[in-house]
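Secondary and tertiary structure notes
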Amino acid sequence: MTEIHTSVPTPAEQFPESVPLTAEHLLTNRRIEPTGGWRRLVYQLSGGRIIPSESAAELERRTLIAQAQTPVASGHHRIAVMSLKGGVGKTTTTAALGNTLASLRGDRVIAIDANPDRGTLGIKVKSETAATIRTLLAEAPHIVRYADARAFTSQSSARLEVLASDTDPAVSEAFNAEDYRTVANLIERYYSICITDCGTGLLHGAMGATLELADQIVLVTMVAVDGASSAAATLDWLTAHGHGHLVKNAIVVLNAVEPKSHVDVDLLERHFAGRCRAVVRVPFDPHLKEGAEVDLARLRPTTRGAYLRLAAAAGQAFSQRPDRSK
């Protein structure tokens, strides 16, 4: 008698193409609704039945937003915005970067003014309090929850909080390294991202602690010979003084780039791209020229796009886990 052998098919043989049973795979209506342009018009005219494919620009924008939304792996990330030369848009860059990140993320973002004397970060957002970084320092032992810290900040419409400094040099006191460490340690408890608007120069009291605690730096320069030379000298100084890791991971902002310039912007970009992680061009924008509050809604689309690229470049470092023993 012939023996018949039968085999029981394995699950993999029964279902050779295993697809995750998720909404993303099962539902056919999960393509993103167009927000504008001809794609939006086609979508509306078809009663929502036709959703044209996204353009390359829209796909790039979604990628940039996802990078800016990268979770902070260490729980807290410090960005120092700096320049050796004044008048290059350092404070404006701080406010615009902070507003962009805060508008895209669900966690708390704060910008603090670490100028050693008079700072102007406070005028980049509508003031909600007369408190300054000095009053926060005085009350530091009594700040035990987020609501206590929030009483010292002003918040923009994009949800960026700003901790200002005294704007009157006659009443302001020098802000030193120990002051910065105290503020930074306090901020770390309640905010995911802290963007520090540094004072110009590299030798004032607070700068040593700022660089010591920074996870990354944003170096701002104008498209001009003296500005570019100062920015390059800043990178040289940082490398020579033990901050080579910050230089390698730095983002350089070429600020207020005009459509026509006698300066070779491409050459500038190649120079800094060879030394740093990223270079972002921010075009000239009339709204920023006003020197008042930074409102993302009033920026030209190209300028908003530039700050989105800056936020995305910064966000690429959020997944790193820096040494917090510093």
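Refer to the structure above for everything that follows.
In this report, the structure presented in the accompanying data block is examined.

Criteria and cut-off values
- Throughout, residues of each chain are indexed from 1 in the direction in which the sequence is written.
- With the structure being a predicted model, the display of local features is reserved for residues of pLDDT at least 70 and the display and counting of side-chain atom pairs for 80 or more, all residues being used for whole-chain, interface and lining totals.
- Each side-chain value is derived from all of the structure's non-hydrogen atoms; neither hydrogens nor water enter the calculation.
- Only DSSP runs of H or I with at least four residues qualify as helices, and only runs of E with at least two residues qualify as strands; both kinds are numbered from the N terminus onward.
- Residues count as neighbours in contact if any of their non-hydrogen atoms are within 4.5 Å of one another.
- When DSSP finds two or more bridges between a pair of strands, those strands are recorded as paired.
- Axis geometry follows a simple rule: fit a line to the C-alpha atoms, using only the stretch in contact for helices, then measure angles between N-to-C directions, giving values from 0 to 180 degrees.
- Pairing of N or O atoms within 3.5 Å defines a polar contact, subject to two protein rules: one partner must be a possible hydrogen donor and the other a possible acceptor, and residues neighboring in sequence count only if both atoms are side-chain atoms.
- Between rings of Phe, Tyr and Trp, where Trp is taken as its six-membered ring, a pair exists when centres lie within 6.5 Å; planes separated by under 30 degrees are stacked, by over 60 edge-to-face, and by other angles tilted.
- Under the scheme applied here, a residue whose accessible area is under 20% of the maximum for its type counts as buried, over 50% as exposed, and between as partly exposed, the area being computed with a 1.4 Å probe on protein chains only.
- Sitting over a ring, as applied to charges here, requires NZ of Lys or CZ of Arg to be within 6 Å of the ring centre and within 35 degrees of the ring normal.

Another point: the environment of P283. Mapped onto the elements of the fold, P283 is located in strand β8 (residues 278-283). Taking the C-alpha atoms as reference points, P283 and A306, separated by 23 residues in sequence, lie 7.6 Å from one another. Each residue touching P283, except ones within four places of it in the same chain, is listed here: A256, V257, T302, T303 and A306.

The eight strands lie next to each other as β3-β4-β2-β5-β1-β6-β7-β8, forming an open sheet whose pairing is mixed. Each edge of the open sheet is held by one strand with a lone partner, namely β3 (154-155) and β8. Two strands pair when backbone bridges link them, and strand β6 (residues 216-222) and strand β7 (residues 251-257) are joined in this way by five bridges, in the parallel orientation. Counted as the bridge partner of V220 is V253 from β7. Each of β1 (77-82) and β6 touches helix α10 (residues 225-240); the most contacted strand, β6, lies at about 155° to it.

Among the secondary structure elements, H76 is positioned in the loop between α4 (56-68) and β1. Separated by 2.7 Å, the side chain of H76 and the backbone oxygen of Y191 make a polar contact.

Another point: the packing of aromatic side chains. Taken as a whole and assessed by the stated rule, the structure comprises one aromatic pair. Ring plane angle 70° and centroid distance 5.8 Å describe the contact between Y146 and Y191, whose orientation is recorded as edge-to-face. Taken together, the residues span a long stretch of sequence, with Y146 in helix α7 (residues 146-150) and Y191 in the loop between α8 (177-190) and β5 (193-198) at a distance of 45 residues. On the basis of relative accessibility, which here comes to 2%, the residue Y191 falls in the buried class. The cationic tip of R108 hangs over the ring face of Y146; the distance from NZ or CZ to the ring centre is 3.5 Å.

Before going further, it helps to spend a moment on unusual backbone geometry. The phi torsion at R159 lies on the positive side, around 85°, for a residue other than glycine. The topology assignment puts R159 in the loop between β3 and β4 (161-163). The phi angle at A256 is positive, at roughly 55°, despite the residue not being glycine. Position of A256 among the secondary structure elements: in strand β7.

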